[in-house]
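What the coordinates show
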Amino acid sequence: MDLPYLRANPHLLPTFLAHQRLRTTPVGGGSIAVAERVGLDDGTQLFLKTWPGGISAAPTDGAPAAAPPGFFAAEARGLRWLREAGGVAIPEVYAVSDDLLLMEWVDHAEPSPAAAERFGAGLARLHNAGVAEFGAPVDGYFGSLPQDNTPGHDWPTWFRERRILPLLRLAVDAGALDPADATAVESIHLEAPAEPPSRIHGDLWPGNILWGPSDTPWLIDPAAHGGHRETDLATLFLFGGAPHLSRIIAAYNEIHQLEAGWQERIPLHQLPLLLVHAVLFGRSYRAAVLDAAARYR
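Notes on the structure follow. The shown structure was predicted, so the numbers you read here are calculated from the model rather than taken from an experiment.

Looking at the overall build of the chain
Helix and strand content of the chain: 10 helices and 11 strands. Computed over its C-alpha atoms, the radius of gyration of the chain comes to 20 Å, within 12% of the 19 Å expected for a compact globule of 297 residues. For the chain, the spread of C-alpha atoms along the three principal axes comes to 60 × 45 × 35 Å. The buried share among the 297 residues of the chain stands at 49%. Within the chain, contacts between residues at least 6 apart in sequence are counted, and of these 65% link residues at least 24 apart. For the chain, the accessible surface area stands at approximately 13300 Å², while carbon and sulfur atoms represent 53% of it. Between the centroid of the 22 positive side chains of the chain and the centroid of its 34 negative side chains there is a distance of 1 Å.

So, the nonpolar core
Membership of the largest hydrophobic core comes to 39 residues, with the highest contact counts inside it found for Phe-119, Leu-123, Ile-209, Leu-219, Leu-236 and Ile-248. Of all elements in the fold, only α3 (71-85), β5 (100-104), α4 (113-128), β9 (209-212), α7 (229-235) and α8 (245-255) reach the threshold of two or more residues within this core. Contact partners of Leu-236, with chain neighbours within four places excluded, come to Phe-119, Leu-123, Leu-204, Pro-206, Ile-209, Gly-241, Ala-242, Leu-245 and Ile-248. With 31 residues, the next largest nonpolar core counts Trp-155, Ile-164, Ala-171 and Leu-238 among its residues.

Regarding α4
Over its 16 residues, α4 extends 23 Å from the first C-alpha to the last, a length consistent with the 22 Å expected when each residue adds 1.5 Å. Within the span of α4, buried status applies to Ala-115, Ala-116, Phe-119, Gly-120, Ala-121, Gly-122, Leu-123, Ala-124, Leu-126 and His-127. In this structure, the buried residues of α4 make contact with α3, β8 (198-200), β9, β10 (216-219), α7 and α8. Where α4 terminates, the next one or two residues include Gly-130, which has phi positive at roughly 70 degrees.

Describing unusual backbone geometry
In this structure, Asp-221 takes a positive phi of about 50 degrees despite not being glycine. Structurally, Asp-221 can be placed in the loop between β10 and β11 (225-227). In this model, His-244 sits at a positive phi of 55 degrees, which is unusual for a non-glycine residue. Residue position: His-244 is located in the loop between α7 and α8. Of the residues examined, His-244 reaches a relative accessible area of 32% and is grouped as partly exposed.

Thresholds applied
Residues numbered from 1 in each chain as written. Predicted model: local features only at pLDDT ≥ 70, side-chain atom pairs only at ≥ 80, totals over all residues. Heavy atoms only, no water. Helix = DSSP H or I, 4+ residues; strand = E, 2+ residues; numbered from the N terminus. Rg over C-alpha atoms; globule rule 2.2 N^0.38 Å. Buried < 20%, exposed > 50% of the residue type's maximum accessible area, 1.4 Å probe, protein only. Contact = heavy atoms within 4.5 Å. Areas by Shrake-Rupley, 256 points an atom, 1.4 Å probe, with all protein chains shown as cover. Lys, Arg positive; Asp, Glu negative; His and termini not counted. Charge placed at Lys NZ, Arg CZ, Asp CG, Glu CD. Core = buried A, V, L, I, M, F, W, Y, C linked by side-chain atoms within 4.5 Å. Expected span 1.5 Å × (residues − 1).

Coordinates in, geometry out; function isn't part of it.
Put into structure tokens, the structure is as follows:
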């Protein structure tokens, strides 16, 4: 199978994988899907994501594990939606099904100041592509958690009802937060500059930037939707921060100046991602959630 054949026949990919007709090599990836490098007969390298225990796993007597409904389709939809806007490099999607996602392979390189400036300017252009409403026409996933994308026009209301409250309920159900914690977070005051919805990545912690060759940054693993642009900027500061972050912000501001006080709103915009980590990884994130919320009471 070469790339032109794959483009014309993406539906055959599961059969080739099941019968080991493609060369696959495990690679490091995220904590949710299985990541593999796929080599085609013409030398093209691709990146494959499957669900643990699914189609690319070693054969067993049982049925393959199933991904959550629409999981890979949501990621593919987000990648294509961001890619069509331009601004930042986004891997091309070659095939997607209930069981897998196959996309362009990106070689890794060291992040440079020039790449950071390119990323900041590109992110501003991506945000400027805009969208009609906050949210999206179709629900998606935030990591492995369902993401309610029901559209809305008022950002504070939408952010509270579609991001903070659903994740709070999941965090309490998972035992990561106490009911009293949830009450405290629910009481926060949400405020941000009134801006039209931006086309945002939605899960832009530093690990979702791939720094490629030729000072080219790439975006991966989106939870894409129409949102407030400060959300993408805020999550870049999490978990140690993106490399050369001051250069990213400076380049962003040259294209689209951030509103006064954006730094003070960083913890507010980080709350959904912190809540996701609390749901998935437990009470070790409780203090971070409560600290962020305490700034807005």
